[in-house]
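Chains, contacts and geometry: an overview
The lines below spell out each chain.
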Amino acid sequence: AGPRPEVSRPKEYLEQFPIDTLTMAGTLSQGNGTYGLVQTQDGLLHKVLPGNYIGQSDGRVVAVTPAEIKIEELVPDGSGGFYKRSAAIALEN
């Protein structure tokens, strides 16, 4: 019971990076969606939308606001299960 990572889905590019090494560079509105702009340590920018996966703990983007990218991670609970933990990448000033 409880949340479980989807082991059969292909990994997304930003899942190889720890969340604390990523920074939010801003947002970009295109069409009817607002993307969060995430910068990796090598300086490259990547667009994310709610539903994209990010970070190394099965983090899923749940919201993009002008100030932050909200993420929900699945973290092992130590007894074979997982629990959801909220995280965020805030816009750097």
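Residues numbered from 1 in each chain as written. Predicted model: local features only at pLDDT ≥ 70, side-chain atom pairs only at ≥ 80, totals over all residues. Heavy atoms only, no water.

**Remarks on the overall build of the protein**
Along the protein, the regular secondary structure elements total zero helices and seven strands. Counting from the amino terminus, the protein carries its helices and strands in the arrangement β-β-β-β-β-β-β. The C-alpha atoms of the protein give a radius of gyration of 13 Å, which matches the 12 Å a tight globule of 93 residues would have. Expressed as lengths along the three principal axes of its C-alpha atoms, the size of the protein is roughly 40 × 30 × 25 Å. Burial statistics for the protein: of 93 residues in total, 34% are counted as buried. (Helix = DSSP H or I, 4+ residues; strand = E, 2+ residues; numbered from the N terminus. Rg over C-alpha atoms; globule rule 2.2 N^0.38 Å. Buried < 20%, exposed > 50% of the residue type's maximum accessible area, 1.4 Å probe, protein only.)

**Quick word on the packing of aromatic side chains**
For the structure shown, the criterion picks out one aromatic pair. Ring centres 5.6 Å apart and planes at 65° place the aromatic pair Tyr13 and Phe17 in the edge-to-face group. What makes Tyr13 partly exposed here is its relative accessible area of 43%. It is Arg9 that lies over the ring of Tyr53; its NZ or CZ is 3.4 Å from the centre. (Phe/Tyr/Trp six-rings, centres within 6.5 Å; stacked < 30°, edge-to-face > 60°. Lys NZ or Arg CZ within 6 Å of the ring centre and 35° of its normal.)

**Considering the pattern of salt bridges**
The final tally for this structure, using the stated rule, is seven salt bridges. The shortest N-O distance in the salt bridge between Asp58 and Lys11 comes to 3.9 Å. In this pair, Asp58 sits in the loop between β4 (53-54) and β5 (59-64) while Lys11 sits in the segment before β1 (23-30), placing the two residues 47 residues apart along the sequence. Through salt bridges with shared partners, a single ionic network connects Arg9, Lys11, Glu15 and Asp58. (Salt bridge = Lys/Arg side-chain N within 4 Å of Asp/Glu carboxyl O.)

**Thoughts on the sheet that holds strand β6 (residues 68-76)**
The strands making up a sheet are joined through hydrogen bonds of the backbone, oriented either antiparallel or parallel. Across the sheet, four strands lie side by side as β4-β5-β6-β7; this open sheet has antiparallel pairing. The sheet terminates laterally at β4 and β7 (82-90), the two strands that pair on one side only. In this sheet, β5 lies alongside β4 in antiparallel orientation, the contact comprising two bridges. What sits directly across from Tyr53, in β5, is Arg60. (Pairing = 2+ DSSP bridges.)

**Here's the deal with the pairing of strand β2 (residues 33-39)**
By the criterion of burial, β2 is predominantly enclosed, with five of the seven residues buried. For β1 and β2, the ladder comprises seven bridges, and the chain directions are antiparallel. Its bridge partner being in β2, Met24 is matched across the sheet by Val38. The pairing of β2 with strand β3 (residues 45-48) spans four bridges and is classified as antiparallel.

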